[in-house]
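Here is how the chains run, residue by residue.
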Amino acid sequence: MTKPRYLTKSRFKLALSCPTKLFYANKREYENTSKTDTFLEALAQGGFQVEELARMEYPKGVAILGRDWDYDTLVARTNELLKQENVVIFEPAFLVNGLFIRVDILVKHGSEIQLIEVKSKSVDSTLHQSFITKRGGLSWLEYLYDVAFQKYVIQKCYPAWNVTPYLNLVDKSKLTSVDGLNQKFKIVQNSEMRTGILKAEGLTKMDIGNSILCLINVSQEIQLIFDENPAFNSESFEDSITNFKEHYANDIKIQTPIGKHCDGCEFHCDGIDKNLKSGFHECWMSQLSISKTRVDAPKVYEVWNFRGSKKLMDEGVYFMDEIQEYQIEIEPEAGIISNSERRWLQIEKTKQNSSEPFVELDGLKNEMAKWIYPLNFIDFETTAVAIPFTAGRHPYEQLAFQFSHHIFFEDGRIEHFNEYLDTTVGHFPNFDFIRALKKTLSINEGSIFRYHNHENIILNKIHEQLLASSESDKEELIDFIENISHNTDSSSKKWCGDRDMIDLYQVIKNYYFNPAMNGSLSIKAVLPAILNTSHFIKKKYQNDIGSINVTSKNFPPDYIFLHLENGNAINPYAALPPVYEDWTQDQLENALTGVGIISDGGAALTAYAKLQFEDVSVEERGVLENALLRYCELDTLAMVMIFEHFKELV
């Protein structure tokens, strides 16, 4: 017997992003890149913990657990509980006319119903007014449509109910009142590898202190969706649901026109696994009558920072080589590569199939002439979690737990001079972090480099935290921050320091274009492009550290940063050693979870979140910390390599 295909709220949200995706949703022969490690994602984002925290507000709530696949049983258990006049249910199930939902929290007082959707996203409840924009549209559209779908299904099941919809969100205006709140909700995997929460035994509402959540009534927003259906305004909300349900149930593809929404489609296959098909390619090939090779050509939405991409695609211009110069509206700026010139360079190099970089050489020379040796390159690793690790902190308040510091001397010596890592459980690291940074950057008066805005933003956040603190050296630390940074727009005070950090991202943006960066200015894209372009860098870093006048705190003297494969540089981040290298199977099974490799900021903050649990073993803590140190060191060395390439060019 074939199991009925119900339109669930997860499938509804998928259709909201692109209705065609419903056709690929349950087909195993199609690649689906949205499948992520929910355990690691949960560690980083805290969504499961926030949901459990929300449930603590309802100590008499009843959870419907297990048999997630058995919709009929879940609905029967829900209906039995709903016979009570007053009841709170976690994960109640509703099924009607081929539509199925489970609600995070449902509060029933007779026929008065609170429908509560819990999200780890945050608002400031003291400032929030509405999710309806000034122009009558909706912000947070995906979340609100999720709630609208749930209310629609519940009202179909129980027309006499008065259902009031809420978003239960993290409130950035509130402070935690207990230490180690995260420890009370530990993220675990069960035997079926499903992610869940292990709540501390005997935990009560009093144990979690003051609530850091808020209930936001979204009745007006949901009514707007019911009345105007802004995401699909060519039809009613009910018609949209019926349309999705029927197509999904009967396995009929909805042809969604090609457009900017195709960017990031999860049903995209690179062809490496011959057993999997690409829904993305099928859409483009069938709708445009083109070959697979043509589908793989650079798209309009891949042009760097191009706000006109949607308009062009709506007009039938889909590929980069179809864009005409007048459509970019080039506006030159003296001495630098302007934003519009960068966009046209990308398009022009694509049309010419050219891999030759373009350098605004005079501007780069003039910029570099201002730099004072020795040069200091710094990188921060930070996190902002929904449930703070320590009392007295706001949700999503920035924590700075690590930095790396490389120095490039005028004679060409490169020293990994210093580093800092604080993973102490339950310790707010920011003030010790800034003390250590002050100490290391006070060693000389040379120029300081960061990559993009992150480091400056973090220093501004710590500046705010210091102003509100009672630290004995707060004035000294504030003066230091003001010396090496500048204020952001949100700062109450204005400043720009004498040693204000130089943004290497901005230097690249102003003076350097490399087709191999594929339109990205991320250091993860810039570094491989430069490694494959610069003969000097390629030759130098194919040698071991001990022979190239470079010191390291985390890599052995025989470590080689650059390896080639078929003549092309392998990204050094991809070549970093695995976290659990040389561990036995028994050791791996006893690990809290496997991070794998720390080669980006997301993995770094995940590792830090993991290290904030007390039951991480000493052995596992050691390998995670070593991996964090290696990754952060590579970040600042990558900046040094970029500088060396610029030095080579001028």
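Residues numbered from 1 in each chain as written. Predicted model: local features only at pLDDT ≥ 70, side-chain atom pairs only at ≥ 80, totals over all residues. Heavy atoms only, no water.

**Observations regarding the pattern of salt bridges**
Move 1: Tallied over the full model, the rule gives 33 salt bridges.
Move 2: Between Asp68 and Arg102 there is a salt bridge; the shortest N-O distance is 3.1 Å. Taken together, the residues Asp68 in the loop between β2 (62–63) and α5 (71–81) and Arg102 in strand β5 (residues 99–102) connect sequence positions 34 residues apart.
Move 3: Its relative accessible area of 32% is what places Asp68 among the partly exposed residues.
Move 4: The class of Arg102 is buried, set by a relative accessible area of 14%.
Move 5: Measuring nitrogen to oxygen at the nearest pair gives 2.4 Å for the salt bridge that ties Lys610 to Glu620. (Salt bridge = Lys/Arg side-chain N within 4 Å of Asp/Glu carboxyl O. Helix = DSSP H or I, 4+ residues; strand = E, 2+ residues; numbered from the N terminus. Buried < 20%, exposed > 50% of the residue type's maximum accessible area, 1.4 Å probe, protein only.)

**Details of the packing of aromatic side chains**
Move 1: What the rule picks out here adds up to 40 aromatic pairs.
Move 2: Considering the side-chain rings of Phe12 and Tyr145, the 6.4 Å spacing of their centres and the 25° angle between planes classify their relative orientation as stacked. Residue Phe12 is located in helix α1 (residues 9–17), and its partner Tyr145 is located in helix α6 (residues 141–157); the two are separated by 133 residues in the primary sequence.
Move 3: Here Phe12 falls in the buried class, since its relative accessible area comes to 1%.
Move 4: Taken together, a centroid distance of 5.9 Å and an interplanar angle of 55° make the contact between Tyr145 and Phe237 tilted. Taken together, the residues span a long stretch of sequence, with Tyr145 in helix α6 and Phe237 in helix α8 (residues 237–249) at a distance of 92 residues. For the pair Tyr145 and Phe237, a shared accessibility class is recorded, and that class is buried.
Move 5: What links up through ring pairs into an aromatic cluster is the set Phe12, Tyr145, Phe149, Tyr152, Phe226, Phe232, Phe237 and Phe244.
Move 6: Positioned over the ring face of Trp304 is Arg342, at 5.9 Å from the centre of the ring. (Phe/Tyr/Trp six-rings, centres within 6.5 Å; stacked < 30°, edge-to-face > 60°. Lys NZ or Arg CZ within 6 Å of the ring centre and 35° of its normal.)

**A few points about α8**
Move 1: Between its first and last C-alpha atoms α8 spans 18 Å; for 13 residues at 1.5 Å apiece the expected length is 18 Å, and the two agree.
Move 2: Looking at α8, one finds that the buried residues are Phe237, Ser240, Ile241, Phe244, Lys245 and Tyr248. Looking down the long axis of α8, one finds its buried residues gathered within 125° of arc, a one-sided arrangement.
Move 3: Trailing α8 by a residue or two, Asp251 shows a phi angle of about 55°, which is positive. (Expected span 1.5 Å × (residues − 1). Arc of directions from axis to C-beta.)

**A few points about the sheet that holds β5**
Move 1: With mixed pairing, 3 strands are arranged side by side in an open sheet as β1-β5-β4. Taken across any chain shown, the strands that pair with only one partner, and hence form the sheet edges, are β1 (7–8) and β4 (93–96).
Move 2: Pairing of β1 with β5, which is carried by 2 bridges, proceeds in the parallel orientation. Counted as the bridge partner of Thr8 is Phe100 from β5.
Move 3: Taken strand by strand, α5 contacts β1, β4 and β5, and its axis lies near 115° from that of β4. (Pairing = 2+ DSSP bridges. Contact = heavy atoms within 4.5 Å. Axes fitted to C-alpha atoms, helices over the stretch in contact; angles between N-to-C directions.)

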